[in-house]
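Remarks on the overall topology
Residue-level listing of the chains:
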Amino acid sequence: NLAPSGGNPSFISALGVSKTPANRIYIGTSNRKLYRLDSANTATHIYRDITSTLFPYTGSTWFGFISCIAVDPTNGDHVIVVFSNYAAYSLFYSADGGITWKKAAGNLEMNKTTGAGDGPSLRWASIIPTSDGTVYLVGTSVGLFATTQLNDTNTVWVQQGANTIGAAVVDMIDYRATDGLVVVATHANGIYSSHITSVGNI
């Protein structure tokens, strides 16, 4: 239970673990707060609030829970944070460990700047380094999407597995770095796998 001063109690809703550097953990909460814990293996760990003012906010109320934190396995400063809300902006990216943030949902939002409208709910994300670039995957309420370039609100996400996964809800993605195996779990449409070792695979 993380109870901010003067605010409502919140609960941990997502964790992201950095491999490089080691012993860094990103902690997402049920009230859209995000924290970074450095030197987590020591009694003198450093705990900081890296919540962005870009994260979903209405009037005087912060809202929305963080459903996933994806950390680049080769660079722990590269992080994607997913909010699974409808009608709120859903995807944010940091290249400096949470010091600064940019929006990254692009064409997955009906309104590319605010997230308002009938855009899908985003559920999960994965950052996959390959031999010739980086692949970003996002699981949504209308299928699996990928891009090789995060370009703020102009990011272009392309549907994957249109004839297999289709428009099924994608709840979770897992990735194995040793051989590029990617496994995608859907709601009511089974589990799918593929290998991504190049940006050309998407």
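Small disclaimer: the values here were computed from a predicted structure and weren't measured. (Residues numbered from 1 in each chain as written. Predicted model: local features only at pLDDT ≥ 70, side-chain atom pairs only at ≥ 80, totals over all residues. Heavy atoms only, no water.)

**Observations concerning the environment of Asn189**
- Secondary-structure assignment places Asn189 in the loop between strand S16 (181-186) and strand S17 (191-195).
- A C-alpha to C-alpha distance of 9.1 Å links Asn189 and Val170, two positions 19 residues apart in sequence.
- What Asn189 contacts, discounting residues up to four positions off in sequence, is Thr164, Ile165 and Ala168.
- Polar side-chain contacts of Asn189 include one of 3.2 Å to the backbone oxygen of Ile165. (Helix = DSSP H or I, 4+ residues; strand = E, 2+ residues; numbered from the N terminus. Contact = heavy atoms within 4.5 Å. Polar contact = N/O pair within 3.5 Å; in protein donor to acceptor, adjacent residues only side chain to side chain.)

**Points about the nonpolar core**
- Within the largest apolar cluster, 31 residues are counted, with the highest numbers of intra-cluster contacts made by Leu34, Ile69, Ile80, Leu91, Trp101 and Trp157.
- Contributing elements (two or more residues each) for this core: strand S7 (66-72), strand S8 (75-83), strand S9 (91-94), strand S11 (122-130) and strand S12 (133-140).
- When sequence neighbours within four positions are dropped, the list of residues in contact with Ile69 reads Ala14, Leu15, Gly16, Tyr26, Ile27, Gly28, Leu34, Val79 and Ile80.
- Val135, Val170, Val182 and Ile196 belong to the second largest nonpolar core, which has twelve residues in total. (Core = buried A, V, L, I, M, F, W, Y, C linked by side-chain atoms within 4.5 Å. Buried < 20%, exposed > 50% of the residue type's maximum accessible area, 1.4 Å probe, protein only.)

**Observations concerning unusual backbone geometry**
- Cis geometry is found at the peptide bond from Thr20 to Pro21, where omega equals 5°.
- Tracing the backbone shows Pro21 in the loop between strand S1 (12-18) and strand S2 (24-29).
- Positive phi values are uncommon outside glycine, yet Arg32 reaches one of about 65°.
- Positive phi values are uncommon outside glycine, yet Ser39 reaches one of about 50°.
- Along the chain, the position of Ser39 falls in the loop between strand S3 (34-38) and strand S4 (46-49).

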